[in-house]
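These are the residues of each chain, in order.
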Amino acid sequence: MLNLTRRQMLAAAAATCAPALTHAQGGGMKWHPGQYIHIPSRGGTAAVEDTLDQIRNIQSARGLQLRYTWADLETDEGKVDASRILEDLDRVSKYKKRLHVLLMLKSFAGGNRPVPEYLERKTERGAATFNIGIEEKEAPGGPRKRNGQNIALWEPGVLKSLEEFLRGLGRQLDGHPALEGVAINETSLGRAADRNIEDDDKIQFFKNLASANRTMRKAFPTTVTIQFVNFPKQAIPILVDQMPDYGIGLGGPDVFLDDKSLRDNVYVRYPGLAGVIPLAPSVQYENYVALKHQGERTMVPLEDLYNFARNQLRANYLFWTRPQQGLKNVWPDVLNFLKTHPQASQLTGGLATACPSSFKGGCSAIS
């Protein structure tokens with residue numbers, strides 16, 4: 001478990017940063033909308049350092065979004081260790097940047113367990129995870145099949161442990177001035193490969209996730225919290241309808257320009273929530289090369305992705321994924337776009353900046 005002295009040292013290091021990283025006195029939400037770089041977990045520390053070095057002098061690149069699994073942060077029950085996140089907060093602070101945390105309760109690679117082993121003691125009906133089939137779209141030589149895992153969140157004991165974990169994480173992290181946001185991964189359950197999931201369990205999954213969202217909002221009173229929402233459509237009202245009441249942000253793992261399912265079920269929700277809650281879409285691998293899920297391959301102009309997120313989805317935050325394997329040629333183009341697009345001279349990158357009305361305590365800084 002992270003000891004207090006280490007936490008104090010990291011927090012003190014962050015406090016020596018430029019004024020832009022100082023959290024205003026008197027409360028209010030930390031609020032620094034703009035464009036951030038998403039680095040997949042397989043990138044590792046080297047990719048984090050390299051990315052920070054490359055965006056050092058790009059004003060419109062406000063910071064990073066990094067992935068952390070629950071299993072990495074709580075190795076045993078009650079032992080929440082945020083040292084990895086605190087170290088990354090220290091890294092971004094040195095570059096006068098900010099960090100969004102993406103909490104992963106789902107994995108996209110075989111053998112990568114996203115949740116702690118102790119959860120197996122908390123279940124009433126079977127395992128705490130289930131295997132899911134994944135198609136790796138970025139694989140060299142074309143798509144290939146692999147397995148991942150998702151959390152059995154319909155289990156009451158699993159939900160209780162998740163909410164305790166979120167409270168513990170908030171106690172260690174919320175006050176850090178460079179922590180901009182905390183999000184939970186996409187809602188898509190995936191294709192279960194090793195068990196049949198009943199419809200009632202699926203609905204309970206999303207009701208429990210909605211509860212976890214509310215708990216996360218309370219656990220991080222001065223940090224933006226976001227739920228990534230994509231599929232299935234039954235999940236959308238359960239999660240999105242409560243967001244204005246609690247100040248929970250709506251995000252997503254994809255910016256597709258012509259995906260009917262996302263457009264009709266999720267994207268349609270964004271405009272009506274503009275100015276009410278944080279809106280935070282994410283440009284993922286496939287968005288660079290297709291207009292819809294499983295769509296024909298074509299290079300999608302970065303300007304079109306930006307304009308869609310800005311004008312159609314009314315984004316406050318926009319996450320650009322840095323490919324680590326295939327599509328490496330996209331990264332120089334993203335850097336050039338961030339440097340040269342018409343809004344590049346603004347810290348916010350031209351994205352919407354109004355403090356969301358659901359933040360009852362207001363925003364401590366709008367910049």
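Note that the coordinates shown come from a computational prediction; the quantities given were computed from them, not determined experimentally.

A. Looking closely at the overall build of the protein chain. In terms of regular secondary structure, the protein chain is built from 12 helices and 12 strands. Out of the 367 residues belonging to the protein chain, those deemed buried represent 57%. Surface exposure of the protein chain reaches about 14,900 Å², of which carbon and sulfur atoms provide 48%.

B. Geometry of the nonpolar core. In this structure, Leu64, Leu169 and Trp320 are the most contacted members of the largest nonpolar core, which totals 94 residues. Sequence-distant contacts of Leu64, defined by excluding residues within four places in its chain, comprise Tyr36, Ile37, Ile39, Val48, Thr51, Leu52, Ile55, Val92, Arg98, Leu99 and His100.

C. Representation of the sheet that holds strand S2 (residues 61-69) in the model. Strands sit in the order S1-S2-S3-S7-S9-S10-S11-S12 around a closed barrel of 8 strands; the barrel is parallel. With strand direction ignored, the average angle separating the axes of adjacent strands in the sheet is 25°. The sheet contacts of helix H4 (residues 83-94) involve S2, strand S3 (98-104) and strand S7 (179-184), and relative to S3 the element is tilted by about 155°. Lying on the sheet, helix H11 (residues 302-312) is in contact with strand S1 (34-39), strand S11 (279-283) and strand S12 (317-321); it crosses S12 at an angle near 150°.

D. Region of interest: the packing of H4 against helix H5 (residues 156-173). Orientation of H4 relative to H5, taken along the N-to-C sense of each, is 35°, at an axis distance of 11 Å. Remark: the crossing between H4 and H5 carries right-handed chirality. Side by side, H4 and H5 meet where Ile85, Leu86 and Leu89 of the first sit next to Leu169, Gln172 and Leu173 of the second.

E. Fine view of the state of the cysteines. What the rule picks out here adds up to 1 disulfide. With its sulfur 2.1 Å from that of its partner, Cys355 forms a disulfide with Cys363. Residues Cys355 and Cys363 are joined by a disulfide whose S-S torsion is about 90°; by sign, that bridge is right-handed.

F. Structural view of the packing of aromatic side chains. Across all of its chains, the model carries 14 aromatic pairs by this definition. For the pair Tyr317 and Phe319, a centre-to-centre distance of 6.5 Å together with 5° between the ring planes defines the contact as stacked. Like Phe319, Tyr317 is buried. One aromatic cluster is present, formed by Trp31, Tyr36, Phe228, Tyr317, Phe319 and Phe359 through successive ring pairs. One residue, Arg214, lies across the ring of Tyr246, its end atom 5.9 Å from the ring centre.

G. Looking closely at helix H12 (residues 330-340). Looking only at H12, the buried set comprises Val330, Trp331, Val334, Leu335, Phe337 and Leu338. Viewed along the axis of H12, the buried residues span an arc of 160°, placing them on a single side of the element. In H12, the exposed positions that point more than 90 degrees away from the buried face belong to Lys339 and Thr340.

H. Summary view of the pairing of strand S10 (residues 249-252). Along S10, one buried face is formed by Gly249 and Gly251 and the opposite face, lined by Leu250 and Gly252, is buried too. Here strand S9 (residues 224-228) pairs with S10 via 3 bridges, running parallel. Across the sheet, residue Gln227 finds its bridge partner in S10, namely Leu250. Sheet topology places S10 next to S11; 3 bridges connect them, and they run parallel. Each bridged residue has a counterpart across the sheet, and for Leu250 the counterpart in S11 is Leu279.

I. Local environment of unusual backbone geometry. With omega at -15°, the peptide bond leading from Phe231 into Pro232 counts as cis. Among the structural elements, Pro232 can be located in the loop between S9 and helix H7 (235-240). In the Ramachandran plot, Lys96 falls in the positive-phi region, its phi being about 60° despite a non-glycine side chain. The topology assignment puts Lys96 in the loop between H4 and S3. You will see that Gln294, though not glycine, has its phi angle at about 60°, which is positive. Mapped onto the fold, Gln294 is located in the loop between S11 and H11.

J. Spatial organisation of the side chain of Asp254. Assignment of secondary structure puts Asp254 in the loop between S10 and helix H9 (260-265). Asp254 sits in the buried class, given a relative accessible area of 13%. If we skip the residues at most four places from it in the chain, Asp254 touches Leu262, Tyr267, Ser282, Gln284, Asn287 and His293.

K. Examining the side chain of Gln35 more closely. Tracing the backbone shows Gln35 in strand S1. One polar contact links Gln35 to Trp320, side chain to side chain, over a distance of 2.9 Å. Not counting the four nearest positions on each side in its chain, Gln35 is found in contact with Ser60, Ala61, Arg62, Gly63, Tyr306, Leu318, Trp320, Phe337, Leu338, His341, Gly349 and Leu351.

Calculation notes
Residues numbered from 1 in each chain as written. Predicted model: local features only at pLDDT ≥ 70, side-chain atom pairs only at ≥ 80, totals over all residues. Heavy atoms only, no water. Helix = DSSP H or I, 4+ residues; strand = E, 2+ residues; numbered from the N terminus. Buried < 20%, exposed > 50% of the residue type's maximum accessible area, 1.4 Å probe, protein only. Areas by Shrake-Rupley, 256 points an atom, 1.4 Å probe, with all protein chains shown as cover. Core = buried A, V, L, I, M, F, W, Y, C linked by side-chain atoms within 4.5 Å. Contact = heavy atoms within 4.5 Å. Pairing = 2+ DSSP bridges. Axes fitted to C-alpha atoms, helices over the stretch in contact; angles between N-to-C directions. Left-handed = near helix turned anticlockwise from the far one by under 90°. Disulfide = S-S within 2.5 Å. Phe/Tyr/Trp six-rings, centres within 6.5 Å; stacked < 30°, edge-to-face > 60°. Lys NZ or Arg CZ within 6 Å of the ring centre and 35° of its normal. Arc of directions from axis to C-beta. Polar contact = N/O pair within 3.5 Å; in protein donor to acceptor, adjacent residues only side chain to side chain.

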